[in-house]
Amino acid sequence: MATHEDYRQAAALLWGEAGEYAADEFARLNREHFAGSIPPMPVIIGLTAFGKCIGATRDSGWLGAPRITLAPELFNGNHRTPGGPRMVSDVLVHEMVHAALMLRGEDPRHNGEPWCQAITELSPGVLGHEIIARPVLPRRVANPDREANPAAPKTIVVRQAEAGAMSQAQLATWPHCKRPGGYYRAGSPIAVPTY
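Quantities reported herein were computed from a predicted structural model and do not represent experimental measurements.

Reading guide: rules and limits
- Residues numbered from 1 in each chain as written.
- Predicted model: local features only at pLDDT ≥ 70, side-chain atom pairs only at ≥ 80, totals over all residues.
- Heavy atoms only, no water.
- Pairing = 2+ DSSP bridges.
- Helix = DSSP H or I, 4+ residues; strand = E, 2+ residues; numbered from the N terminus.
- Axes fitted to C-alpha atoms, helices over the stretch in contact; angles between N-to-C directions.
- Contact = heavy atoms within 4.5 Å.
- Parallel < 35°, antiparallel > 145°, perpendicular 65-115°, else oblique.
- Left-handed = near helix turned anticlockwise from the far one by under 90°.
- Nonpolar A, V, L, I, M, F, W, Y, C, P; charged D, E, K, R; others polar.
- Expected span 1.5 Å × (residues − 1).
- Buried < 20%, exposed > 50% of the residue type's maximum accessible area, 1.4 Å probe, protein only.
- Core = buried A, V, L, I, M, F, W, Y, C linked by side-chain atoms within 4.5 Å.

Engineer: Just checking my understanding: could you explain the sheet that holds strand E2 (residues 55-59) for this structure?
Structural biologist: Strand pairs in the sheet, formed through backbone hydrogen bonds, run parallel or antiparallel to each other. Read across the open sheet, the three strands follow the order E1-E3-E2; overall the sheet is mixed. Looking at the sheet topology across the chains shown, the edges are occupied by strand E1 (43-45) and E2. Ignoring which end each strand starts from, the neighbouring axes of this sheet average 25° apart. Relative to strand E3 (residues 66-70), E1 is paired through three bridges, and the arrangement is parallel. Residue pairing in the sheet places Ile-45 in a bridge with Leu-70 of E3. Lying on the sheet, helix H1 (residues 4-34) is in contact with E1 and E3; it crosses E1 at an angle near 150°.

Engineer: What am I meant to see in unusual backbone geometry here?
Structural biologist: Among all residues except glycine, the phi angle is most often negative; among peptide bonds, the trans geometry is most common. Residues Trp-174 and Pro-175 are joined by a peptide bond in cis, for which omega reads 0°. Among the secondary structure elements, Pro-175 is positioned in the segment after helix H5 (168-172). Even without glycine at this site, Ala-35 takes up a positive phi of about 55°.

Engineer: How should I be thinking about the packing of helix H3 (residues 85-103) against helix H4 (residues 113-127) in this particular structure?
Structural biologist: Packed helices, taken two at a time, are described by the angle their axes make and the gap between the axes. Taken N-terminus to C-terminus, the directions of H3 and H4 make an angle of 135°; their axes are 11 Å apart at the nearest point. When the axis of H3 is compared with that of H4, the two are oblique. Taken as a pair, H3 and H4 cross one another with a handedness that is right-handed. Listed contacts from H4 to Val-93, His-94, Val-97, His-98 and Leu-101 of H3 are Pro-114, Trp-115, Ala-118, Ile-119, Leu-122 and Val-126. For the contact of H3 with H4, the per-class residue count stands at nine nonpolar, two polar and no charged.

Engineer: Help me understand the packing of H1 against H3, please; the structure alone is not making it clear to me.
Structural biologist: Orientation of H1 relative to H3, taken along the N-to-C sense of each, is 60°, at an axis distance of 10 Å. In terms of orientation, H1 and H3 fall into the oblique class. When the axes of H1 and H3 are compared, the crossing they make is right-handed. On H3, the residues that touch Tyr-21, Ala-22, Glu-25, Phe-26, Arg-28, Leu-29, Asn-30 and Phe-34 of H1 are Pro-85, Val-88, Ser-89, Leu-92, Val-93, Met-96, Val-97 and Ala-100. Residues that form the contact of H1 with H3 fall into these classes: 12 nonpolar, two polar and two charged.

Engineer: When you look at H3 in this model, what are you seeing that I'm missing?
Structural biologist: Because each turn of an α-helix spans 3.6 residues, side chains separated by three or four positions in sequence point in the same direction. End to end, H3 covers 26 Å across 19 residues, agreeing with the expected 27 Å (1.5 Å per residue, within 8%). Most of H3 sits inside the fold, with 15 of its 19 residues counted as buried.

Engineer: What's the story with the nonpolar core in this structure? I'm lost.
Structural biologist: By size, the foremost hydrophobic cluster in this structure holds 43 residues, and its most contacted members are Leu-70, Phe-75, Val-97, Ile-119 and Trp-174. Within the residue set of this core, elements represented by two or more residues are H1, E1, E3, helix H2 (73-76), H3 and H4. Discounting chain neighbours no more than four positions away, the residues touching Phe-75 are Ala-18, Ala-22, Ile-45, Leu-70, Gly-83, Gly-84, Val-88, Pro-189, Ile-190 and Val-192.

Quick look at the structure:
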């Protein structure tokens, strides 16, 4: 089994300062927010799946643990994504929640109960305040078209968050969605070699 130091050395060799930062930040976040429960795993810097995806966690199969991939623009930014240490940290902690849930054999999807419970528990330490996260389920609500059209159904089914709870889009972008404007501008970009 590879150690954290093995992964750190490989990351430094492949991605220089950015690789070292990602490995060190993984270790710090693991210690501070997961009580060291996540075993060492590779943090890869490269293209991620799904187009605009800036981070991804996949079960790697052959390693016996998930692997995390971070998009290069997290480190040095681009026209869509601010880059730098805070951005890398937030995406990494998000992906580490996926990894922790996978390792426990729980549903790692954003709209699942395990995800909602995990980010609710982590938010005071990560964000400095509490959040309300619950799966967004189909619900029956009053039909707003009923006023204009009395023949319209009285109710309709929508996917809508409970009052005060995070939306489905917010669940998928935690902790970014809860950061104040300008939060990611602090800190200098981190150089990362690209293709």
